[in-house]
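Residues per chain, in single letters:
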Amino acid sequence: MKKIVLAGGTGNLGTMLIRLFREQNYEIVVLSRQKMVKHHPKVEFVQWDAENLGDWQEKLNGADVLINLCGLSINRRFTEKNKKLLRSSRITPTKLLGKAISNLKDPVKLWINFSGVSLFNGAKQIKDETSKQYSNDFLGQLAQDWEKAFLDAEVSKTDKVILRMSPILSKNSGMFAELYPLVKLGLGGKVGNGEQMISWIHEDDFVRLIDWIVNSQENEPIYHACSPNPVSNAEFMEEFRKSAGATFGMPLPTFIAKIGSVVKNVDSSLLLETVPVTTILTLKNGFKFNFPYIQPALNQLIKSST
């Protein structure tokens, strides 16, 4: 039986991955800051603080895979306080896991650590895994520092993969879940000029991609978790309206988007910044997307939500 450890695996992504690996009869260990009282068959919840070594590190001994899911949501205002929280929630656990692995007699075989396609915020051309021109804004620098913490970990017997995440279209949380009710109400118009690019991935493809990486004999050091086909905001919202059967979508001008961001307590760049990112290394190495295009992806999510 294979053993997989999910660090910070109690959120929506962790729930999806637990379901995947339970179906494959993995031994699953979830490192959680919270003391879990619920019982899940085939899943062991182990408490840690994500800041200090402790008894939890023995759970990594002999493990086949470690997936680090730690990181607070970026859906907040980028105040100095929040910037520190976002940095520490990503970089501190990553450094800690590296230190823990380096102490093991039988270190984990594969370590998958997340990053973000926000590394390429504001790019003028579509970027892929081979691109090296990174953004200097807050999210771009955060992703660079996160990846450096991972790459600096001295774990010579452990294979490492960086998975740069794009927004996951999921019926339970995130972009789709927030926008669907608004689209049905006629509020699904373009944001700003609508030219900003959106990189995205369907939740089923995200889970399948993780499974594919875990079971690959040899991996690239970096993959992008996104559809090969990013779309403009205007196209994304148009396809959303079609899929939802909405005949009208009120646009959201830039100045209103900025005001709305303050009201919702998120940074306006999350709505207005272009993130033109695709993937080539997943395709090159044989991964096949079930949902490479936006409208079939939205159609499936809406159908499964009704």
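The text that follows walks through the structure, step by step, so that each part is easy to find.

The rules behind each value
Residues numbered from 1 in each chain as written. Predicted model: local features only at pLDDT ≥ 70, side-chain atom pairs only at ≥ 80, totals over all residues. Heavy atoms only, no water. 1 Å grid on protein atoms, 1.4 Å probe; cavity = no way out; pocket = protein on both sides within 12 Å on 5 of 7 lines; lining within 4 Å. Points joined across faces, edges and corners; volume = space filled by probe spheres on them. Helix = DSSP H or I, 4+ residues; strand = E, 2+ residues; numbered from the N terminus. Nonpolar A, V, L, I, M, F, W, Y, C, P; charged D, E, K, R; others polar. Salt bridge = Lys/Arg side-chain N within 4 Å of Asp/Glu carboxyl O. Buried < 20%, exposed > 50% of the residue type's maximum accessible area, 1.4 Å probe, protein only. Pairing = 2+ DSSP bridges. Axes fitted to C-alpha atoms, helices over the stretch in contact; angles between N-to-C directions. Contact = heavy atoms within 4.5 Å. Core = buried A, V, L, I, M, F, W, Y, C linked by side-chain atoms within 4.5 Å. Arc of directions from axis to C-beta.

For the rest of this paragraph, the subject is the layout of surface pockets. If you add up the space inside the second largest pocket, you get close to 260 Å³. In terms of lining, the second largest pocket is formed by 16 residues, of which the most central are Leu110, Asp159, Val214, Ser216 and Asn219. Mapped by element, the contributors of at least two residues to the lining of the second largest pocket are strand 6 (159–165) and helix 5 (203–215). Here the lining of the second largest pocket gets 3 residues from one element, more than from any other, and that element is strand 6. Tallied by class, residues from the lining of the second largest pocket come to 6 nonpolar, 3 polar and 7 charged.

Moving on, we get to the pattern of salt bridges. Inspection of the entire model under this criterion finds 11 salt bridges. As a salt-bridge pair, Arg164 and Glu147 come within 2.7 Å of each other at their nearest N and O atoms. Residue Arg164 is located in strand 6, and its partner Glu147 is located in helix 3 (residues 138–151); the two are separated by 17 residues in the primary sequence. Like Arg164, the residue Glu147 is buried in the burial classification. The salt bridge partner of Glu239 is Lys242, with a shortest N-O separation of 3.9 Å. In this pair, Glu239 and Lys242 are both assigned in helix 6 (residues 233–244), 3 residues apart and thus about one turn of the helix distant. Through salt bridges that share partners, Glu238, Glu239 and Lys242 make up one connected network.

Further remarks concern the sheet that holds strand 2 (residues 27–32). Strand order in this open sheet of 7 strands is 3-2-1-4-5-6-10, and the pairing throughout is parallel. The sheet is open, and its two edges are formed by strand 3 (43–47) and strand 10 (222–225), each paired on a single side. Adjacent strand axes in the sheet meet at a mean angle of 20° when their direction is disregarded. When strand 5 (residues 110–116) meets strand 6, the two strands line up parallel, connected through 7 bridges. Looking across to strand 6, one finds that Trp111 is bridged to Lys160. Together, strand 5 and strand 6 form the strand contacts of helix 3, whose direction differs from that of strand 5 by roughly 165°.

What follows deals with the nonpolar core. Formed by 35 residues in total, the largest nonpolar core has its most connected members in Phe21, Ile67, Ile112, Phe114, Leu163 and Phe206. Counting only elements with at least two residues in this core, the list comes to strand 1 (3–7), helix 1 (12–23), strand 2, strand 4 (65–68), strand 5, strand 6, helix 5 and strand 10. For this core, the leading source of residues is helix 5, giving 7 residues.

Looking now at the environment of Phe255. By the secondary structure assignment, Phe255 is in helix 7 (residues 254–264). Taking the C-alpha atoms as reference points, Phe255 and Ser268, 13 residues apart in sequence, are found 9.8 Å from one another.

With that settled, the discussion passes to the pairing of strand 10. Side chains of strand 10 alternate between two faces, with Ile222 and His224 and Tyr223 and Ala225 buried alike. With 4 bridges connecting them, strand 6 and strand 10 associate as parallel partners. From the neighbouring strand, Leu163 faces strand 10, where its bridge partner is Tyr223.

Among all positions in helix 4 (residues 174–184), only Phe176, Tyr180 and Val183 are buried. What you see down the axis of helix 4 is that its buried residues fit within an arc of 75°, all on one side. The inward-facing, buried residues of helix 4 abut strand 7 (168–169), helix 6 and helix 10 (294–305). Count one or two residues on from helix 4 and you reach Gly186, which has phi positive near 85°.

Spatial relationships are all this shows, so hold off on functional conclusions.
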